[in-house]
Amino acid sequence: MSAFSDTLSQFIDDKKIKVYSMAKYCDTDRSTMYKFISGKRNPPSDEIIKKMAQFMHLSPMEWQKFKESWDVARIGADAYYKRKSVESFICNFPDQPSAEFCGCSFTPDLTYAENRSDCISLTSLQHINYYVHQMILSEADRDSGEISLFLQPDYKFLFNLLASLNPSDSLKISQIMCVGTKTTFTDDHQLINLKYLHSVFPLYMAGHDYSLYYYYDNIESHYQSFNLYPCMILTSDEALLCSSDYQTGIFFRSGEVLRMLKNLYISYQEQCTLFFTPAPLTPENHAVVIGNMFDSDFAENDLLGIQPESCLTPFFTGTLLREMFNHDLPNADAILAMAEQAFQMSMDKIKNQQFFIYSTYEGLLQFVRSGRTDEIPEIFYHPLTTRQRIQVLEGVCACCESGAYRFLQKPLNHLPGNLHFCIRGNSGTMIFKNNAGEIFVLNIEETKLVEIFRDYLENMEESCFYSKEESVAMIRQIIDYLKKERTETE
């Protein structure tokens, strides 16, 4: 038996289905249908699955369960749920930040301030939350605050608090987390590593000076066995050790204890590796960012990307780039030369069939309306004119004809506008706007996470995309509209 055969047998029993009649409706013989029911064989195509669902009169919820059981049986449970977890992460990626974002304000608790005991036992989640709240807010109010975390990103209260902070510019947050050596899921089939990424990403959105370090180990044995207080939170003059379920712990103010724990944390950190390297994409930082994105790894490997609008920078070369570029920037000549070289590298990869971008039609329309792309901060260039937009769209159309660019259908056709994600070799990059409206580049250094995203992008089914012919027709319609608009205004 399999997940699919179990589900199929349940529907046949519940709905009193006659196997011979269903086999005939699906243009197959009865013996083959019985092999589907017994789990000896899986239906070979999506068309047969749909016919079976139609014959059994499945509701939308039943169809979803039926289709999922077929996918699980066809590609394996781990692969299926890994890819579904990636799809969920992409669909729920933080969209354009709110202009009304504001952080926490600090209001000291007099009871907390007056309790100067060097060691306090904590006996409940609420008790721990109270002390964590006071520790974090007090440290955020310092001129040179520093928060060190040795725990998994599963402490919801703490990470919501950190993401909402409006600290001084000098606050530094560092964290050490364990990355499992095997694929593990939550009870609702969410991949643990992506759940952790979802928890920490708001700290990058908030623009914090946040460094995430990792090491490989067995998460369950490290955090869920008989380990006494494996989690640690350190600030400048306070420390908290607690259990992995955040139900019991010890709070310290002793200087001697703090120094010992801080030295221990530093020794651990030195043995770990950075999970991400974040960098703002600004004129002052352009060399570092472009250099990291278009290094030797980029030149040697295929690129797979998913983002709202088609990747347009490969078409920003030569005369067009010089026309649209903001020549008033400091170091304008150096930025222009580096950008032209980088964008030309992308175009060369497209010609060599090493560059594949999955995007949305709605995202492309946004570029058509505004003449801008979220891949590049507005300070670097002027909005493209109608003539320039037509020139870029012609390039995108050619890429759709070759298959290098594809337009997404449901459920990814409404991709969050803030997501620009690409994989090249063993590296991954996310480009996004944070809550202050600044464009950040987040390079993924942890290879297991890169592998998960690569597996998803390389195994997207054909049903996820519009056909080449449909995509070309959609772009041609836009180009014809722009040409007509340009003729009428000239």
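Residues numbered from 1 in each chain as written. Predicted model: local features only at pLDDT ≥ 70, side-chain atom pairs only at ≥ 80, totals over all residues. Heavy atoms only, no water.

Colleague: Please set out the overall build of the chain residue by residue, giving values where relevant.
Modeller: From N to C terminus, the chain includes 20 helices and 15 strands. By its C-alpha atoms, the chain is 75 × 70 × 40 Å across when sized along the principal axes. Here the chain holds 490 residues, and the buried ones make up 49% of them. In the chain, once contacts between residues fewer than 6 apart in sequence are set aside, the share between residues at least 24 apart is 76%. By element, 50% of the accessible surface of the chain is carried by carbon and sulfur atoms, the whole surface being about 23600 Å². Where the 43 positive side-chain charges of the chain centre and where its 64 negative ones centre are 10 Å apart. (Helix = DSSP H or I, 4+ residues; strand = E, 2+ residues; numbered from the N terminus. Buried < 20%, exposed > 50% of the residue type's maximum accessible area, 1.4 Å probe, protein only. Contact = heavy atoms within 4.5 Å. Areas by Shrake-Rupley, 256 points an atom, 1.4 Å probe, with all protein chains shown as cover. Lys, Arg positive; Asp, Glu negative; His and termini not counted. Charge placed at Lys NZ, Arg CZ, Asp CG, Glu CD.)

Colleague: Talk me through the confidence of the model for the chain; I want residue IDs and the actual numbers.
Modeller: When pLDDT drops low, the exact placement of atoms in the prediction is not to be read closely. Summary statistics for the chain give a mean pLDDT of 89 and a share of 92% for residues scoring 70 or more. Below a pLDDT of 50 lies the segment residues 98–103, which in the model reaches seven contacts outside its immediate sequence neighbourhood of four places, other chains included. (pLDDT = per-residue confidence, 0-100.)

Colleague: Residue-level account of the sheet that holds strand S5 (residues 231–234), with values.
Modeller: Overall, mixed pairing links the eight strands, which are arranged S1-S7-S6-S5-S2-S3-S4-S8 in an open sheet. The open sheet is flanked by strand S1 (119–122) and strand S8 (273–274), the only strands paired with a single partner. With five bridges joining them, strand S2 (residues 146–150) and strand S3 (residues 172–180) adopt parallel strand pairing. Note that in S3 the partner of Phe-150 across the bridge is Ile-176. Contacting S3 and strand S4 (209–217), helix H10 (residues 192–205) runs over the sheet at an angle of about 165° to S4. (Pairing = 2+ DSSP bridges. Axes fitted to C-alpha atoms, helices over the stretch in contact; angles between N-to-C directions.)

Colleague: Break down the pairing of S4 for me, citing the residues and quoting the values.
Modeller: With nine bridges connecting them, S3 and S4 associate as parallel partners. Across the sheet, residue Lys-172 finds its bridge partner in S4, namely Asp-209. Each parallel crossover has a hand, and for S3 linked through H10 to S4 it is right-handed. Where S4 and S8 come together, two bridges link them in antiparallel fashion. Its bridge partner lying in S8, Tyr-213 is registered against Leu-274. (Right-handed = clockwise from strand over helix to strand, strands pointing away.)

Colleague: Tell me about the sheet that holds strand S13 (residues 420–424), and name the residues and values.
Modeller: Ordered in space as S9-S15-S14-S13-S10-S11-S12, the seven strands form an open sheet in which the pairing is mixed. Of all strands in the sheet, those with a lone pairing partner are strand S9 (276–280) and strand S12 (405–407), marking the two edges. Neighbour-to-neighbour, the strand axes of this sheet turn through a mean angle of 15°, independent of strand direction. Relative to strand S15 (residues 439–444), S9 runs antiparallel, the two being bridged by five bridges. In the strand pairing of S15, Pro-280 is matched with Phe-440.

Colleague: Could you give me a rundown of the environment of Lys-262, with the residues and numbers involved?
Modeller: Locating Lys-262 in the fold gives a position in helix H12 (residues 255–270). Sequence separation of Lys-262 and Ala-239 is 23 residues, and the distance between their C-alpha atoms is 9.1 Å. For Lys-262, the contacting residues outside a window of four places in its chain are Glu-146, Ser-148 and Leu-234.

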